[in-house]
Amino acid sequence: HADLWTLVANVAIETMGGPAIPTKFGRKDAATSAESVESQVGRLPDGDKGCPHLREIFHPKGFSDKDIVALSGAHTVGKCHGDRSGFDGKWTENHLKFDNSYFTEMLSKEYADETTAAGCPQKKHAASGTIMLISDLALLEAPFREHVELYAKDQEAFFKDFVTVWVKLQENGCTGLRDTL
């Protein structure tokens, strides 16, 4: 079902106002649980850590600092659920629209420290109720910040870079992919 999940993600991004993303097919699904990923540890960054941790997670997978920022822009949609991650809240005011608001809001709002009911540290904008994780606001440090500022100013630049790195993520470790079913 890996190809189906990939296609659904790409269609959802475009349906929410984001860029069209090409989908390739031919991923091999695990036949048994023994063939699947052993652990989720290290697959995604921890929300309560900064730049060094982001690099520890993404650089070994072949992603650059610019790639990290572009991928993080996916936080423009969705929200954290306290019962799943321990973090709680939406990143953007319109969390069902795929655009560059993750970056514009990050640069324009002031966030205060907050601890969730699960004991996780996060930052919250009082007026809108939106949040940022420590890993999000770490992107305001150099050299990540230059990409945040570019994407806040230029949604098309964000979309272009996002498509490139999103496809790279979806095809990472896959061989023999094709353009059609």
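Details of the structure are given in the entry above.
Residues numbered from 1 in each chain as written. Predicted model: local features only at pLDDT ≥ 70, side-chain atom pairs only at ≥ 80, totals over all residues. Heavy atoms only, no water.

### As for the packing of aromatic side chains
With the rule as written, the count across this model stands at eleven aromatic pairs. Between F98 and F158, the aromatic rings sit 5.8 Å apart at their centres with planes inclined by 10°, giving stacked as the arrangement. Here F98, found in the loop between strand 2 (89-90) and helix 4 (101-108), pairs with F158, found in helix 7 (residues 155-171); they are 60 residues apart in sequence, far enough to count as distant. The burial state of F98 is the same as that of F158; both residues are buried. Taken together through their ring pairs, the aromatic side chains of F98, Y102, F103, Y151, F158, F159, F162 and W166 make up a single cluster. (Phe/Tyr/Trp six-rings, centres within 6.5 Å; stacked < 30°, edge-to-face > 60°. Helix = DSSP H or I, 4+ residues; strand = E, 2+ residues; numbered from the N terminus. Buried < 20%, exposed > 50% of the residue type's maximum accessible area, 1.4 Å probe, protein only.)

### Notes on the packing of helix 4 against helix 6 (residues 144-153)
Across the interface, helix 4 lies against helix 6 with an axial gap of 8 Å and an inter-helix angle of 115°. Put simply, helix 4 runs roughly perpendicular to helix 6. Between helix 4 and helix 6 the crossing geometry is left-handed. Here F103, T104, M106 and L107 of helix 4 lie close against helix 6, whose contacting residues are R145, V148, E149, Y151 and A152. (Axes fitted to C-alpha atoms, helices over the stretch in contact; angles between N-to-C directions. Parallel < 35°, antiparallel > 145°, perpendicular 65-115°, else oblique. Left-handed = near helix turned anticlockwise from the far one by under 90°. Contact = heavy atoms within 4.5 Å.)

### Describing the environment of V77
Here V77 lies in the loop between helix 3 (65-72) and strand 1 (79-80). The buried category is assigned to V77, whose relative accessible area is 18%. A sequence separation of 19 residues divides V77 from L96, and the C-alpha atoms of the two residues are 5.3 Å apart. If we skip the residues at most four places from it in the chain, V77 touches M16, W91, H95, L96, K97 and F98.

So yeah, pure geometry; function would need other evidence.
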